[in-house]
Number of protein chains: 4
Amino acid sequence: MPDPAAPGPSAEPRLRGIVPPLVTPFAADGGLDLASFEANLESYAREDLGGYVVLGSNGEAVFLEEDEKLALIRTTRRRAGTRLLLVGTGLESTRATIAFTRKAADEGADAALVVTPHYYKSRMTADALQRHFEAVADASSVPIYLYSIPSFTGLAWPPGLAGALAAHPRIVGMKESAGDLGLIGRIVASVPPSFPVICGSAPVMYPALCVGAAAGILAVADCAPGPAAALYAAFRAGDHAEARRLQEALTPLAVAVTSTHGIAGLKMAMDLAGRRGGAVRSPLSPLPPAAREELRGLLARAEAACRR
Amino acid sequence: MPDPAAPGPSAEPRLRGIVPPLVTPFAADGGLDLASFEANLESYAREDLGGYVVLGSNGEAVFLEEDEKLALIRTTRRRAGTRLLLVGTGLESTRATIAFTRKAADEGADAALVVTPHYYKSRMTADALQRHFEAVADASSVPIYLYSIPSFTGLAWPPGLAGALAAHPRIVGMKESAGDLGLIGRIVASVPPSFPVICGSAPVMYPALCVGAAAGILAVADCAPGPAAALYAAFRAGDHAEARRLQEALTPLAVAVTSTHGIAGLKMAMDLAGRRGGAVRSPLSPLPPAAREELRGLLARAEAACRR
Amino acid sequence: MPDPAAPGPSAEPRLRGIVPPLVTPFAADGGLDLASFEANLESYAREDLGGYVVLGSNGEAVFLEEDEKLALIRTTRRRAGTRLLLVGTGLESTRATIAFTRKAADEGADAALVVTPHYYKSRMTADALQRHFEAVADASSVPIYLYSIPSFTGLAWPPGLAGALAAHPRIVGMKESAGDLGLIGRIVASVPPSFPVICGSAPVMYPALCVGAAAGILAVADCAPGPAAALYAAFRAGDHAEARRLQEALTPLAVAVTSTHGIAGLKMAMDLAGRRGGAVRSPLSPLPPAAREELRGLLARAEAACRR
Amino acid sequence: MPDPAAPGPSAEPRLRGIVPPLVTPFAADGGLDLASFEANLESYAREDLGGYVVLGSNGEAVFLEEDEKLALIRTTRRRAGTRLLLVGTGLESTRATIAFTRKAADEGADAALVVTPHYYKSRMTADALQRHFEAVADASSVPIYLYSIPSFTGLAWPPGLAGALAAHPRIVGMKESAGDLGLIGRIVASVPPSFPVICGSAPVMYPALCVGAAAGILAVADCAPGPAAALYAAFRAGDHAEARRLQEALTPLAVAVTSTHGIAGLKMAMDLAGRRGGAVRSPLSPLPPAAREELRGLLARAEAACRR
């Protein structure tokens, strides 16, 4: 186990900007399609992005075998250059999370994004979660980002927990995917300025930046990285009017590729945008063909706003 | 019934700025304490506020008899001067809401704030709500503001409904009290610029302004109108850094007088701030004395941030 | 205020059997249709029922003015004979509930059915509810039945509360309308045998009787009192197989006139069964005509099972 | 893939009676403690039980590695004799569920208990779930039992789904763990008599039997198999009064080892009852020592009721 008293990852680059949570393309036989995955990475290399997330919720991580997961990490590492590589390593048990976080680090992860365990919901008190995250961080050689996504886990984030965990030298940031601005504001107020709070909900990206979010891990950035990055850049340049305008142009697409159509919609939008999404794994269902025209229109609107 | 084709209330002043939802002080015998109510109005007259709400959720409207309600409207009207007076008139049935909206208009209400009916939750579809609000607006001589507050009603606001209702000439604005920035952004994008979207959740007041909210009806403005108004003024002056700073100073107090301690906490904070809150009606419960010091500290922090 | 130490209502008849929560028919002008209401009572007089509830949720009590409520109580009292008359008297404030409970008693109510206050949901702790119910019972001259209906109130019943309140001499029973058999069983185990626990969910009437419920207040008994009473009688006769058979025949109709179609469905089913339901008040919506055939078939099935 | 048209498992023994969902004991180093697991099986061999479940929610299946899971199946098979062995094989993806169901069958599972996938909650429509379960059943050589447990999955069971899936020759039963008697009744009414509906909630075991449940998979049977089996036997003997009496004696213990204290409570109760529970895996937390006396009392009460 690494020494918790050893110098923390203060020298590590902190996450900033817009980060796509990479989708996982599948081949016709249902296995990984690494060639398509690499093609996507190649296309993202030309965009103004702050890093990559592999094995997030949008990457269908819960559907992947461990060897598939390791192959995706390796491939991303090889293609990521100096960009920060975050890997989703959270599993239900503390010991399995520790073991897989180590494997991810061995494959080149810069940091681990650790979702709240959630199967035994009523037991996942603030204390139980704190012990879990501290045990994972104690045992990890790479920095840990906390990750809360109630729409999938059914678990609300305890308001004071991020502030308590930020004291750990290897817990360095948090992704909040409920899009709850009141919560994001309270978390920002409870952690040091060097602890990035990351917005995981594209429809509130601009107001999240206003209250102190440092970055966005946004599904919509998989299919429309340009407009998402433009929104971020406008905010950084202090141009609130432009950031708000881009937010309004991006929101309908963002809602479509998450709440309305889910990952199947996100992958279809990637196909329409010249990237490689493809099919989802079952029990996720393919979209009806009618969704294609809707998504094409929303993509066009988002891209047009960006090129203005 | 007023003619829906007649000139709408376009000449009416639109709601802007920070508006306190007035609390209802009670006398020792449990009846209305109108003298204390007037004293509060006198103190608010010296603050930079955009109007008043009477008979809102924080006014314990669900506990009041009709004669008490009419007395509160009359008193506010007499003290409000030219400030906009919004009156909460929503009841469960359409006919009772229409009848009381007319009485409120007769007593001097400038506009009615109509909460979603909610007892028969599963029946309150978007269609049923649309018919209800249109019937109330058809029958009203004063403009109607829509009002959604899921924490009390248990009813989520249907995303497309505000856009549909904004076409009615007498439906002129909406108060959203869930603090859901994604929803506020989508409502703003779906209504004309002249239709104010009002934030009802103080912890997200600043980001709500960023995405286009025009005003805030905030319980915390009952006890700390100065800091709330200062936040609004900073935003209008384009000073985002100052608005965010004031938001961070105001949020802990705002959480304390709503989520944590409810109306009893709000009334205690008013007492501590030199206004008149007093007791709540049962079945609301008085606060334990220990809350007093907590609230005193939070008030001091909010006021200090404002005076800086 | 009555003396709480005075002899309790132990001489009062306890609720037993099946009780219809009476619907409120409206005339073409939207006002009360008392003639239809009386016609329904006349038809129920020929059925094997344990009493009447007036001003319950299915009676659209939240849509009625006080004078309408008093007229309904008076009319029921005149027609009820010796049958037990329960009146829904619960309002949001303790003082209003006390005042209306007294008026209901003056009009002839045998007992009051007091729903949990619920607008300020997060404040309605077990302690706050206990104080409310005790204050109402202290001030009432008639016995009090507790009433929990989470589908409308959004409030879960605190498990230990019924046992604590059963110690009050004028709190004599409870209606549980969530259909939660685990909760019903725990309440039965926590109160004296003389304290009837009443099932308010027809699809679980038979198993509720199995675990100790004494009675049922069932919307479906408004349109199909015969089958509901037959189920109860079979259980009392120890014929579990027959009770279960009748339950299975009744459940589809019961679901249709509550979860699926609501009060509008219940009133249409009453019309189809030769009683007088008629229209609902807005914002409740009328049913599409297609529902008529569905309800006709379900009624026929329930009645056929009963006649076998 | 097995031929779906081939003779179904109609010759298979159907599940009846009370079935303990086996807990997974861990050694001091955190690994499996198979010796303790076998000791528990040896003790259960002397009880009147209808079979075993391995790898259920109470078995901490979400915390186990595949090799640990296979070892538990093998061990149970060796000790189960002719008792029916159900194995929890549901995973998030259809392909992983199919693969593991085959491995479980190879190790001797008599049937697979397949929980609803649930991470992507909003996508798990009735259609998506139907396709998933049918694909798993098509590919399985052993019969499939459906499994719904909303407290862990956050997913409600679609009312009509069991009836639709019962048409598949290898889908032979369903476990309902919400304890929703209305749902259990509707499922029973929608499936053939040969399709067992299994109650997964001990506090409603007796009323579930009344409405047609065929069996119970009950955590409380891990620590108090005698009283649970006695309840079942009393019901089968037609002695409703005795079944209800045993239910009332069992419920407080059942609530304590599930809702109140979770698996840590269940394991502590097993230790107190002379079986081997031991520690839970993190992030589940150990119980405070004070729980021991509470559990000891509840166990004694349940056992006393049984011996009467």
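In this report, we go over the structure that sits alongside the text. Keep in mind that this is a model prediction, so the values were computed, not measured.

Moving on: the overall build of chain A. From N to C terminus, chain A includes 13 helices and eight strands. Viewed in the frame of its principal axes, chain A has a C-alpha envelope of about 55 × 45 × 40 Å. Within chain A, the proportion of its 308 residues that are buried is 62%. Accessible surface computed for chain A: about 10600 Å², of which carbon and sulfur atoms make up 53%. Side-chain charges in chain A split into 30 positive and 30 negative, and the spacing between the mean points of these groups amounts to 2 Å.

Moving on to the packing of helix H2 (residues 66-80) of chain A against helix H3 (residues 94-106) of chain A. Residue and element names in this part refer to chain A. Between H2 and H3, whose axes approach to 9 Å, the crossing angle comes to 35°. Crossing of H2 against H3: the hand is right-handed. Of the residues in H3, those touching H2 at Glu66, Lys69, Leu70 and Ile73 are Phe100, Lys103 and Ala104. By residue class, the composition of the contact of H2 with H3 is four nonpolar, no polar and three charged.

Looking now at the packing of helix H10 (residues 225-236) of chain A against helix H13 (residues 291-307) of chain A. Residue and element names in this part refer to chain A. Remark: H10 packs on H13, axes separated minimally by 8 Å, with the N-to-C direction vectors making an angle of 45°. When the axes of H10 and H13 are compared, the pair comes out oblique. For H10 against H13, the interelement crossing comes out left-handed. On H13, the residues touching Gly226, Pro227 and Ala230 of H10 are Ala302, Glu303 and Cys306. Looking at side-chain class alone, the contact of H10 with H13 contains four nonpolar, one polar and one charged residues.

On to the interface of chain D and chain A. With 42 residues of chain D at the contact, the number on the chain A side is 42 residues. At the boundary of chain D with chain A, total buried surface from both sides reaches about 3100 Å², with 56% on carbon and sulfur atoms. For chain D, the biggest contributors to the area lost against chain A are Tyr119, Tyr120 and Arg123 of chain D; these three give 25% of the whole. At the boundary of chain D with chain A, the tally comes to zero salt bridges. Put simply, chain D and chain A have 18 residue pairs in polar contact (both at pLDDT 80 or more) between them. Residue assignment for the side of chain D that touches chain A shows that the elements contributing at least two residues are helix H3 (94-106), helix H4 (126-139), helix H5 (150-153), helix H11 (240-260) and helix H12 (262-272) of chain D. Looking at the side of chain D that touches chain A residue by residue, the class counts come to 15 nonpolar, 17 polar and ten charged.

Here the focus is the packing of aromatic side chains. One pass over the full model with this rule turns up 28 aromatic pairs over all chains. With centroids separated by 5.1 Å and ring planes inclined at 85°, the aromatic side chains of Tyr119 of chain B and Tyr120 of chain B adopt a geometry described as edge-to-face. Considering the side-chain rings of Tyr120 of chain B and Phe152 of chain C, the 5.2 Å spacing of their centres and the 85° angle between planes classify their relative orientation as edge-to-face. Of this pair, Tyr120 of chain B sits in the loop between strand E4 (111-115) and helix H4 (126-139) while Phe152 of chain C sits in helix H5 (residues 150-153), each in a different chain. These aromatic residues form a ring-pair network of at least three members: Phe63 and Phe152 of chain A together with Tyr119 and Tyr120 of chain D. Looking at Lys69 of chain A, its charged tip hangs above the ring of Phe100 of chain A, at a distance of 5.2 Å from the centre.

Reading the values: rules and limits
- Residues numbered from 1 in each chain as written.
- Chains lettered and ligands numbered in written order.
- Predicted model: local features only at pLDDT ≥ 70, side-chain atom pairs only at ≥ 80, totals over all residues.
- Heavy atoms only, no water.
- Helix = DSSP H or I, 4+ residues; strand = E, 2+ residues; numbered from the N terminus.
- Buried < 20%, exposed > 50% of the residue type's maximum accessible area, 1.4 Å probe, protein only.
- Areas by Shrake-Rupley, 256 points an atom, 1.4 Å probe, with all protein chains shown as cover.
- Lys, Arg positive; Asp, Glu negative; His and termini not counted.
- Charge placed at Lys NZ, Arg CZ, Asp CG, Glu CD.
- Axes fitted to C-alpha atoms, helices over the stretch in contact; angles between N-to-C directions.
- Left-handed = near helix turned anticlockwise from the far one by under 90°.
- Contact = heavy atoms within 4.5 Å.
- Nonpolar A, V, L, I, M, F, W, Y, C, P; charged D, E, K, R; others polar.
- Parallel < 35°, antiparallel > 145°, perpendicular 65-115°, else oblique.
- Buried area = accessible area lost by both parts, 1.4 Å probe.
- Salt bridge = Lys/Arg side-chain N within 4 Å of Asp/Glu carboxyl O.
- Polar contact = N/O pair within 3.5 Å; in protein donor to acceptor, adjacent residues only side chain to side chain.
- Phe/Tyr/Trp six-rings, centres within 6.5 Å; stacked < 30°, edge-to-face > 60°.
- Lys NZ or Arg CZ within 6 Å of the ring centre and 35° of its normal.

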